[in-house]
Amino acid sequence: MVIRVDGFGVTWTVEPQDSVTVEESGPHPASPPMLVVTGETVVSLAVPKDPDRWPACVAFLLRLRDGVDDLAALLAARGARDGNGDGEG
């Protein structure tokens, strides 16, 4: 993963070796888990500590999942259209 910060915000370029895990942020059941992407840099997506705010976080994560699904489908379609099949080129 390559992370670049510029005038547009943060850009993360995904690398094939990047891994995604869900990690516990503490031993207590109320401690929110985190989404962790590990590559050249580690990026953690932390949720609010206040459980009352978790439903809004769930809604965001579902939108994020849908966006990732859409991006994956677009890349797969472009790879197939280009005759490459792997999304590159």
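Residues numbered from 1 in each chain as written. Predicted model: local features only at pLDDT ≥ 70, side-chain atom pairs only at ≥ 80, totals over all residues. Heavy atoms only, no water.

### What to know about the overall build of the protein
Helix and strand counts for the protein come out as one helix and five strands. Listing each helix as α and each strand as β along the protein from the N terminus yields β-β-β-β-β-α. When burial is assessed residue by residue, the protein has 11% of its 89 residues classed as buried. The contacts of the protein with a sequence gap of at least 6 include a subset with a gap of at least 24, amounting to 13%. As presented, the protein carries roughly 6,900 Å² of accessible surface, and 61% of it is formed by carbon and sulfur atoms. (Helix = DSSP H or I, 4+ residues; strand = E, 2+ residues; numbered from the N terminus. Buried < 20%, exposed > 50% of the residue type's maximum accessible area, 1.4 Å probe, protein only. Contact = heavy atoms within 4.5 Å. Areas by Shrake-Rupley, 256 points an atom, 1.4 Å probe, with all protein chains shown as cover.)

### Digging into a nonpolar patch on the surface
There is a patch of nonpolar side chains on the surface, built from Ile 3, Val 5, Val 10, Trp 12 and Val 14 and spanning about 490 Å² of accessible area. Elements supplying a minimum of two residues to the nonpolar patch: strand S1 (2-6) and strand S2 (9-13). Residue position: Val 5 is located in strand S1. For Val 5, a relative accessible area of 64% puts it in the exposed group. (Patch = residues over 30% accessible without salt bridge, like charges linked within 9 Å, V, L, I, M, F, W, Y side chains within 5 Å. Salt bridge = Lys/Arg side-chain N within 4 Å of Asp/Glu carboxyl O.)

### Remarks on the pattern of salt bridges
The tally for this structure, following the rule as stated, stands at one salt bridge. Here Asp 66 makes a salt bridge to Arg 65, at a shortest N to O gap of 3.3 Å.

### Here's the deal with the side chain of Asp 18
Looking at where Asp 18 falls in the secondary structure, it is placed in the loop between S2 and strand S3 (19-23). A residue is classified by how much of its surface remains accessible, and Asp 18, at 15% relative accessible area, is buried.

All quantities given are derived from atomic positions and should not be read as evidence of function.
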